[in-house]
Structures are given as structure tokens and as C-alpha cells.
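What follows is each chain in one-letter form.
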Amino acid sequence: MPDWREEIRRRLASLDLDPTREASIVEELAQHANDRYEELRRRRASPEEAERKTLNELSDSRLLKGLGQAEASPAIFLSRRFPITVRILTKYWKLTAVAVVSLAVAMVASVAGLSVFNALLLRPPTASHPSRLLTLHQTSPAGERPASFPEYKYYREHNRSFSGMAAFSYGIGVAPFEFAHEKGNVVGAGVSENYFDVLGVRPAAGRFFKGDDSVPKREVVLSYPFWQRLGGDPAIVGKTINSKGQQFMIVGVAPKGFSGTVAGFSLDMWGTLFTEESDRDPLSDRNNRSLTPFGRLRPGVTRQEAEADLRVQATQLAHDFPDFNKDCSVRVGPLTMLPGDLIGLARNVSWTLMGVVLLVLLAACANVVNLLLGLATARRQEMLIRAALGATRARLIVQLLREAGLICVLSGVIGFSLAWYGLQRLLDFRPVLFAGLPPLLLDFRPDFRVVGLTVAVILLLTLAVGIVPALYSSVPNLAGALNGEIVVGGTRKRRARNVLVVFQTMIGTLVLVGAGLSFRSIEYLKQVPLGFSARNLVFTYVSDDDTKPAEIAGFYARLRDEIEAVPGVTAVTLATSSPLSQNGPPEQVAPEGMESNQDQWATLHYNFVQANYFSVLGLPLLAGRHFETIDTEHSPEAVIINHTLARKYWPDQDPVGRRMRVRTGNRLVQIVGVVGDSKYDDLDEGQLPYIYFAASQHPREATDLSFIIATSGPPKLWIPPIVDRIHKAAPAAFIFGTLTMDEQIDLVLLLPRIIFVAVSGFGLLAFVLAMAGLYATTSYSVSERKKEIGIRIALGAQSRDLMFALLRQSAVATGLGLVLGIGLSIVMSSFIGAVLFGIRPLEGRVLLVVALATSAMGLSTAYLAARPWIRTNPLEAVRHS
Amino acid sequence: MHDIVSPILDRELKKGSAELLILSLLESGPRHGYEISKLIEMGSSGVLSFNVASLYPLLYRLEKRGWIQGRWVDKPGQRRRRYYQLTSAGTRVLGAQRRNWKAFVTAIGRIAGVRYA
């Protein structure tokens, strides 16, 4: 009689049934086939005929279909096999817990990283169909710049691509407010009247602005949270709110969840671009550039078409207003929550973060692979039985992948929940960078994009961590097992382990190099010569909206006298920009007589300063003189240039006495002095050309001034008495950004420090995971050779020699990982140079320290992992296996 | 007309009745699959026949619903076989299906003018 089992099993294979259940069905159907065969034989059928008939019945398609329906399993994770997976994982709960914890930690890091990435670069503002919204970036030879009101108006009226065009400013302000019994500060911004309409949002109460932008209005729209803070009464519409002695009518409330178009800040209210008559000069001032125009594409118009259309308008503008728009053009991009100049920075920071997060994830994956390999070894008996019962290799792989999937999903859920909770809490954090600035809103909460990416990561992880162990352990060596041999730990598996060691060491090296480089970068930044010698300085920005333009000079002079009277203050000076904090747009200059040559025009920043500015800061005078009292509104305009600008135009000559043309106003100015170079806005900027104008000659331009105050001791101590004195002398004045020189440097270093903390924090995590993995890997591969070690010891090998041999093997893998890691890090540092200041591709000291640290950690980890096995009793070791 | 209707009716009747048949056969005691198929074939004088492809999916479905329960039994001198037994839920279902079947047959009979003894 034929054996029906094999035949039946082959037919059932496609159903992927639970092995126990399948075995039972195979047995039962084989019994039936036997009975049928015997029955046919009794009816005098020939053996061949009986076999053919029985086989025919077994081949009936209804069998497979019927069984498939009867044993149906809806989805892979909901199948009846799922409990088996859980049972197996709970049986090896320690290994599972380690895998889940390492992966969950890595998932927290990746969800956090993805969320930051998403919040900074991907998330559009709250608007209807945000993908149809485009920002207009004006480009000029000096770089990209915001638009002036006349420019915005021109584009709005002349473009044919947008159904609507609005504008807002990334600059936001803080102002005191009073409403009924509520008092406090509001964060507000000015927007064009059609801002909300173009965004496509609907008011929660009242209406939005309407009418003409060029007619000043005192109207505000409240944000939803601010409305709630004021009581949440819909009848608020039509009431007035007071700010700085002015009354603003509340016309409406923005919808819930709408926080504006500026990342990082939660706005309380929006006002119109112009609120009073005296503000009207910005309407025609083509140099007052503070607006970001954006538009909504008309249906059917593409981004390229819109850009081409706007470029035509830009060419027309350049033709009509060569003084302001010569060589200017436009570029369009998606409407983002970050201003254009920050996007590049945010991109660099985000990608760096993502890179480190990826390393953390890889380190965790290597650990999970290692643990799954261990799991597979521990379960080889089970695999053998399954294979012996006829389970195909594909089915074993699916089963193993399913277990890996469960680990990944579990870790993913834990990691996502923790990260979500943490990012939710971050919302309440609201750090204030310094007094006067609105608190930062760190809204990195994950949205559907992050959830989608996380799911994708989990799927990829499942494949990545599951496939290697699955491929290895699904080829059980039946014959070897029957002979009682140790079948796992053969050369193939040992090679896999060694690859893991190389990989883990490589990751450990990479993250250490990353942390080292970002640390070096901060060191480099701190060593950058600032160019000015004074360090005991306090900066404070003071403005007073109540003072009329004609009286502003007197206002500052009076305050200056007050501050000078504070005991311990040695000198006071005023400037539009304080050191390392450049204000205002760039300017263009050319030497007199070379104006017609476009290449001779230099784009640079400038500062309106008082006469004693250079002596207070300790900026060396290289030639000529400082500004003096003779430099007045009525005397010829004098400028002082820095060394770089002097060398650019007059490399071997004395520039003092020569004249330059200034683009704005087409003025001719005379150079009276040359001062040393310094840092103007950031520590990592190069040697920039720079020009100083005398504040005394520009009383109308030099209106918003910062005090720079030298003190005779630690400047921090002088801040309270100085602020106090200003408050007493000018109660209505707005004091903002009061900082010491060191605090200003810290502020400039904030970003590099954040990068360092992120890189080294995540880096440490990855390093610990990599070393834990290294320990487990070494421990495992030594344990597999327990029998061999036992025999060697029994044959007289010294444990010291054995340890040496094991460490030598470990050192080869560690060394290879180190070399690969350092090689990769050199490639990496050419990219990271964009984010980290001053980093050379070969940072010898960092690489040396990392190489030593990694080797030491790698070898001591290997030693610790191998030691217990070397110490075992040889007899026991041999018997055990 | 007869030629077209017959196979369809046949299939439907079989489908509905097959469950009833199996449950009834198990009422008197546990039986294995081959025995069930033989009993149906003999009891219906060959009109109804179940082969391996139609019987076992049905048995598993009934088992999954909890109406019958199969277990492997070793009997001395015989092969190890899987015997199916009616559960208490199965007994209740059998009672209900019998009532429905009777009502159905009576109704058909009235309309078609067929009388049973």
C-alpha cells in the first residue's frame, strides 16, 4: 500500500497550517485514504486502479478549498499561530526583554528624531490644501531677502498664477495688554488683511480682516487659546483690547489648532500690517523689507509656471526701480513654518540628528539579531522536529520572521508611546531664551506622517533583524543532530557573529567620532578671536514707541547719562547692532569711480555707532581716526571701514581720505578710519567686509538702539541696577534682550551645543547598546565553543593561552570594525563640516582618542564576556554539551 | 427545466442536509470519518455520497463551531483513529435543525403535492 502521508502533506503545504494541527489532519486523511484503498481492493480493483482512484479523490480541488475555509486565518498576526509565537517568546522571556528594551530605546530615539525632522522640515502650516501654497523668496546678489510692502503689492497685483496672495512677517513682537481685568504680555504679529483667506481658514468667532492693506487699522484677531484665556465668550467680538495705551478692536477669533505660520512660537493675536497713520512711510519705503509674501496657486497652474510668471514681474520691478531691485529675481518654495535662511540650518541639524538616530537604531538591531540568533540556537531542537515533520524552509522562515515582527511591533508601540508622552510634555516646557523674547513653543508632537514613517521603520526592522537569523536557523543539520553533534556554532554562524562584532564596533566608533567632532567644534568656536578685547560688557536694547522721531536722540542721550551714573559703569555707547547680533538688511558699496563695474560692488552689513563705540569694545584703530563731534548731520558723511574691506579695494594703499559710493540713497561717503576685523553676527563667520556709519550723522535712521555698557567687574551683577535705572528714567520704555557678553556668546553657541548634546546623548546610547551587544556576542560565541574549550583544557592548554587566543580573534574583528568606523567617519566628517565649525576631515586627536577608547572598551568587553567560560571545569563543559 | 434546476437544488439540499446528516449519525455514539462516509452512502443507498474532499472540511467546520469534538483513540487490535462525538451544543443544534427540516419538507410537500407516510 502506498504511503499517503507525503502526498497529503505536499498538498496541504500551501495552507500554512499550524504544524500540530497539520500533522493531525495528515494522519486522519491518510487513514481515510487507507480505508478507501482497501475498500477498492476488496471490490477487486487492481492495486494500480485503487491507488489511482484514491489519489484522484485526494486531488479533488474541493479538499484544499474546503480545508482552507475551515481552517481559515484572517491575518498573519491574528492567526491561530500567533499564540505559538507569544508562547515561544515568553518561554525565552529574558532574551525577549533585552531585545524589546534595546529596540524600544532606539525607537524612542527614532520617533523623537523623526518628529523633530517632521516639525522642522515637513509640517506645513495649518491651512486648507497647504501643498497649493507657495512662498515667494526674493533673491538679490546679496542673498535672499524679505519683500518691502511696495514689492509685495506689485507681485500681488501683477501675478497671474495665484488666486490670492498674502504676506506676513517672521518677526514677531511681545507687547503688554489689558483687557477687562486681565493683564499681561501678548505675542503678536502683523499680517496682510487677506492672510487668513489665502490660508483658507475659517474664524471660530467673528470675522477676519477685510479691506485695503494700505489703510491703517487698529484691529486684531485673537488666537483660540488666547480667546479661551480671556474667557472664551463669543461676545468678545467688537470689544477692545488695550496695548501700550492704544485701543484695538477684536474683530474675530482664529480657529482651534491654528497657530500661525511661524514655527516655534504660539501667537496670541494677529494685527494688520499698519496700525496708525505715522506708520505709513513703510507703505512706500522700498528699503523696509520685512514681509514674506505667499500665494495660493490657481487651479491648474504648476509651481514652475508660477515661478516663471513671478520672474517676469521681478524683471519688470528691476527695470522700474533699478536703485532697489537691480539684478533681483524670485524663487518659489513651499510655505514653511521657518524663514528661508533657517531652513538650510534646520535641514543640516535634522539630518545630523537623523544620522545619529539611525546609528542608535542599527546598534539596537544588531543586538536583536544577536539575541534572535541565540534564540534560534536554543530552539534548534524545535526546528529539527518541525523540519522532520515536513515543515518547509519557507514556513520556518515565516515563523521566525513572525517572532521578529512581534518583537519589533512590541518595541515600536512602547517606543512610540514613550516618545509621544515625552514630546507632549515638551509642549509645557516653553523655555524663554532670554527676558523679553516670547517663550518657545516646542511642538514636536508626532502626526500621521511620523506614525506612517514609524510603521515603515518597524516593517523594515522586522525584515532586517529577522531575515538573517531566520535564514541561518531554518537550515537545521538533521544528520548532525541525529549523531548528537553540536550543530550550531559552525563556521557559518561564527562568521555571522564576527560580522556582528565588526558592525557593532563600527557603530560604536562612528558615534564616538561624531560626539568628539561636535565637541571639538565647540572648542574651535570658543577659540575664535572675536576681534574686540573688552569682555565685561552688558548689552540691552531699549525702545520707546511714545517718543516722537525728532526727540529720539534726546531720549537716548538722557538714558545714556542715567546709565553712566550707575556706580561701577565705566563707559556707555550706543549702536544699532550689538556685537555678535547683527541687525538690519545688507548694504552695497563700491569705491568712487568704479561704480559702473558691477563686480566692484561689495555686499556687506553695517552699523550705526556712536563715537566711543570702538574704544568701549576695544576694537583697534589701524589707520585714520574715530568718529568725532565734528561729524554732524551737516558735515560730509564719514565712514569707518574694517580691515577686510580696506584690503579688498586698496590692498597696498592707505584708504583713509578716499571716497565710496553707498547704494542706498546713492551717497558718496568719505573714509576717515580703518579698524580691525571682528565677528559681527556669529562665531563661525569668515572675515567679512564691514562698514560703520556715525549715528550722529543719521539721527533718523539710528532710532532703535542697543546700549553697550562696560562695567568694572562681573557684568552679570550690573544688570539689575542698570535695568532698574532705565525703568525709573523711562517707565514706558521697552527693555529687551539684556545680556552680558558671555551670555551673548552662549546664545551664539546654543545651536552647536544643542547639536553636541543631541549627538553625544544619542551617541552614548548607541555606544552602550553596541558594547552590550558586543558583550552578548562574544559571550555567546565563546559559550558555543565550550566543548572545544573543555577539550583543550583537558589536553593541557593553559587558560591564559586560551584567553589570549580568544582575545586575538576578538581583536581582529574589533580592529576591522574600528578601521571601518574611522574610514566611514572620515567620509562622514566631510558632510558634517556643513554643521560643525572648523572640522577638518582628519581630526587626528579625536580619531586617536576614539581609537584608543573603542579598542580598550572592545577588548575589555570581550575579556569580561569570555572569562566565565574559560574558568569552567573542563569535565563539566564536555559533559554539558 | 428539470435538467437545470435539479443540480442546483441537489447541491443546496445536500449542503443544508449534510450537517444534519452528520449530526444525526453521531447521535448514537462516536464515529470516525470513514465510518461516517460509509454510513451516509449506505443509508441513502448511494444517492448521497461523501468523499474525502467534501467530508473532512465539513467535519472540521462543525468541530470549529463546537458542535462536534474529535479525539484520537487507540483501540486494541485496530489502527489509531480520530473519533467524532456530539457535544451538548451539537445536540441542541441537531434538535433545532430537525425541527426546521421537518417544517421545510412539510411545506415543500404541501406545495408539490407529495405525501410521506
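Residues numbered from 1 in each chain as written. Chains lettered and ligands numbered in written order. Predicted model: local features only at pLDDT ≥ 70, side-chain atom pairs only at ≥ 80, totals over all residues. Heavy atoms only, no water.

Novice: Is there a simple way to explain the packing of helix 24 (residues 750–784) of chain A against helix 27 (residues 844–870) of chain A in this structure?
Specialist: All names here are of chain A. Look at helix 24 against helix 27: their axes get within 8 Å of each other, and the N-to-C directions meet at 35°. Crossing hand, helix 24 versus helix 27: right-handed. Judged by residue contacts, Phe767, Met771, Leu774, Tyr775, Thr778, Ser779, Val782 and Ser783 of helix 24 engage Met857, Gly858, Thr861, Ala862, Leu864, Ala865, Ala866 and Trp869 from helix 27. Across the contact of helix 24 with helix 27, the residue classes tally to eleven nonpolar, five polar and no charged. (Axes fitted to C-alpha atoms, helices over the stretch in contact; angles between N-to-C directions. Helix = DSSP H or I, 4+ residues; strand = E, 2+ residues; numbered from the N terminus. Left-handed = near helix turned anticlockwise from the far one by under 90°. Contact = heavy atoms within 4.5 Å. Nonpolar A, V, L, I, M, F, W, Y, C, P; charged D, E, K, R; others polar.)

Novice: Would you mind going over the interface of chain A and chain B with me for this structure?
Specialist: Counting residues at the interface gives 27 residues for chain A and 23 residues for chain B. Contact between chain A and chain B buries roughly 2,100 Å² in total, counting both sides, with carbon and sulfur atoms accounting for 50%. If you sort the residues of chain A by the area they bury against chain B, A:Glu28, A:His32 and A:Asp35 come out on top, with a joint share of 30%. One can count three salt bridges joining chain A with chain B. (Buried area = accessible area lost by both parts, 1.4 Å probe. Salt bridge = Lys/Arg side-chain N within 4 Å of Asp/Glu carboxyl O.)

Novice: Help me understand the sheet that holds strand 2 (residues 68–73) of chain B in this model?
Specialist: Backbone-to-backbone hydrogen bonds join strands into a sheet, with any given pair of strands oriented parallel or antiparallel. Residue and element names in this part refer to chain B. What the three strands build is an open sheet, ordered 1-3-2; its pairing is antiparallel. Taken across any chain shown, the strands that pair with only one partner, and hence form the sheet edges, are strand 1 (31–32) and strand 2. The pairing of strand 1 with strand 3 (residues 81–86) spans two bridges and is classified as antiparallel. If you follow His32 over to strand 3, its bridge partner there is Tyr83. (Pairing = 2+ DSSP bridges.)

Novice: Looking at this structure, I do not really get the packing of helix 7 (residues 149–158) of chain A against helix 11 (residues 303–320) of chain A. What am I missing?
Specialist: For any two helices packed against each other, the geometry is given by the interaxial angle and the distance between the axes. Residue and element names in this part refer to chain A. Closest axis-to-axis distance for the helix 7/helix 11 pair is 10 Å, and the angle between their directions is 130°. Here helix 7 is positioned oblique relative to helix 11, judged by the angle of their axes. Taken as a pair, helix 7 and helix 11 cross one another with a handedness that is right-handed. Touching Glu151, Tyr154, Tyr155 and His158 of helix 7 are Leu310, Gln313, Ala314, Gln316, Leu317 and Asp320, all from helix 11. Of the residues that constitute the contact of helix 7 with helix 11, the class distribution is five nonpolar, three polar and two charged. (Parallel < 35°, antiparallel > 145°, perpendicular 65-115°, else oblique.)

Novice: Mind showing me how you'd approach the environment of A:Thr505 here?
Specialist: All names here are of chain A. Within the element layout of this structure, Thr505 appears in helix 18 (residues 491–527). Given the relative accessible area of 1%, Thr505 is considered buried. For Thr505 and Thr814, which are 309 residues apart along the polypeptide, the C-alpha to C-alpha distance reads 5.9 Å. When residues no more than four places from it in sequence are discounted, the contact partners of Thr505 are Leu774, Thr814, Gly817, Leu818 and Thr854. (Buried < 20%, exposed > 50% of the residue type's maximum accessible area, 1.4 Å probe, protein only.)

Novice: Looking at this structure, how should I read the packing of aromatic side chains?
Specialist: Each aromatic ring pair is described using two quantities: the centre-to-centre distance and the angle formed by the ring planes. For the structure shown, the criterion picks out 29 aromatic pairs over all chains. Their ring planes at 35° and their centres at 5.6 Å tell us that A:Phe608 and A:Phe693 sit as a pair that is tilted. In this pair, A:Phe608 sits in strand 17 (residues 602–609) while A:Phe693 sits in strand 22 (residues 690–694), placing the two residues 85 residues apart along the sequence. Per residue, the accessibility class of A:Phe608 equals that of A:Phe693, and both read buried. For the ring pair B:Tyr56 and B:Tyr60, a centre distance of 6.2 Å and an interplane angle of 50° mean the geometry is tilted. (Phe/Tyr/Trp six-rings, centres within 6.5 Å; stacked < 30°, edge-to-face > 60°.)

Novice: Can you help me understand the pattern of salt bridges in this one?
Specialist: Pairing between side chains of opposite charge can happen when the charged atoms of each approach one another. Scanning the entire structure with this criterion turns up 34 salt bridges over all chains. When salt bridges with common partners are traced through the structure, they connect A:Arg36, A:Glu39, A:Arg43, A:Glu57, B:Lys38 and B:Glu41 into a single cluster.

Novice: Got a minute to help me understand the confidence of the model for chain B in this structure?
Specialist: Reading fine detail from the predicted coordinates is not recommended where pLDDT is low. All names here are of chain B. Counting all residues, the mean pLDDT for chain B is 77, and 81% of those residues have values of 70 or more. Considering only residues more than four positions removed or in separate chains, one finds that residues 1–9, a stretch of pLDDT under 50, has one contact. ipTM for the predicted complex: 0.83, alongside a pTM of 0.67. (pLDDT = per-residue confidence, 0-100.)

Novice: Please explain unusual backbone geometry as it appears in this structure.
Specialist: For residues other than glycine, phi is negative in most cases, and the peptide bonds are mostly trans. Residues and elements named next belong to chain A. Of note in this structure, His129 is not a glycine but carries a positive phi near 45°. Its place among the elements puts His129 in the loop between helix 6 (93–122) and strand 1 (133–140). With a phi angle near 50°, Ala180 is a residue other than glycine that sits in the positive phi range. Mapped onto the fold, Ala180 is located in the loop between strand 5 (173–179) and strand 6 (182–191).

Novice: For this particular structure, what's the right way to read the nonpolar core?
Specialist: It is characteristic of soluble globular proteins that their nonpolar side chains tend to be buried jointly. Residues and elements named next belong to chain A. Counting 69 residues, the largest nonpolar core has Ile407, Leu461 and Val465 as its most contacted members. Looking at this core element by element, the count peaks at 17 residues for helix 13 (residues 340–378). Excluding its chain neighbours within four sequence positions, the residues that come into contact with Val465 are Cys365, Val368, Val369, Leu372, Ala404 and Cys408. (Core = buried A, V, L, I, M, F, W, Y, C linked by side-chain atoms within 4.5 Å.)

Novice: Sorry, what's going on with a nonpolar patch on the surface here?
Specialist: A cluster of nonpolar residues, A:Leu342, A:Leu345, A:Leu750, A:Leu751 and A:Ile754, forms a patch on the protein surface that exposes about 370 Å² of accessible area. At three residues, the largest contribution of residues to the nonpolar patch is made by helix 24 of chain A. (Patch = residues over 30% accessible without salt bridge, like charges linked within 9 Å, V, L, I, M, F, W, Y side chains within 5 Å. Areas by Shrake-Rupley, 256 points an atom, 1.4 Å probe, with all protein chains shown as cover.)

Novice: Sorry, what's going on with the side chain of A:Ser24 here?
Specialist: Tracing the chain through its elements places A:Ser24 in helix 2 (residues 19–42). Assessed through its relative accessible area of 14%, A:Ser24 is described here as buried. Leaving out residues up to four positions away in the same chain, A:Ser24 has contacts with B:Trp72 and B:Arg82.

Novice: I keep staring at the confidence of the model for chain A and nothing clicks. Help me out?
Specialist: Considering every residue of chain A, the mean pLDDT works out to 83; 92% of them sit at 70 or more. In the predicted structure, residues 74–80 of chain A sits below a pLDDT of 50 and forms nine contacts with residues beyond four places in sequence or in another chain.

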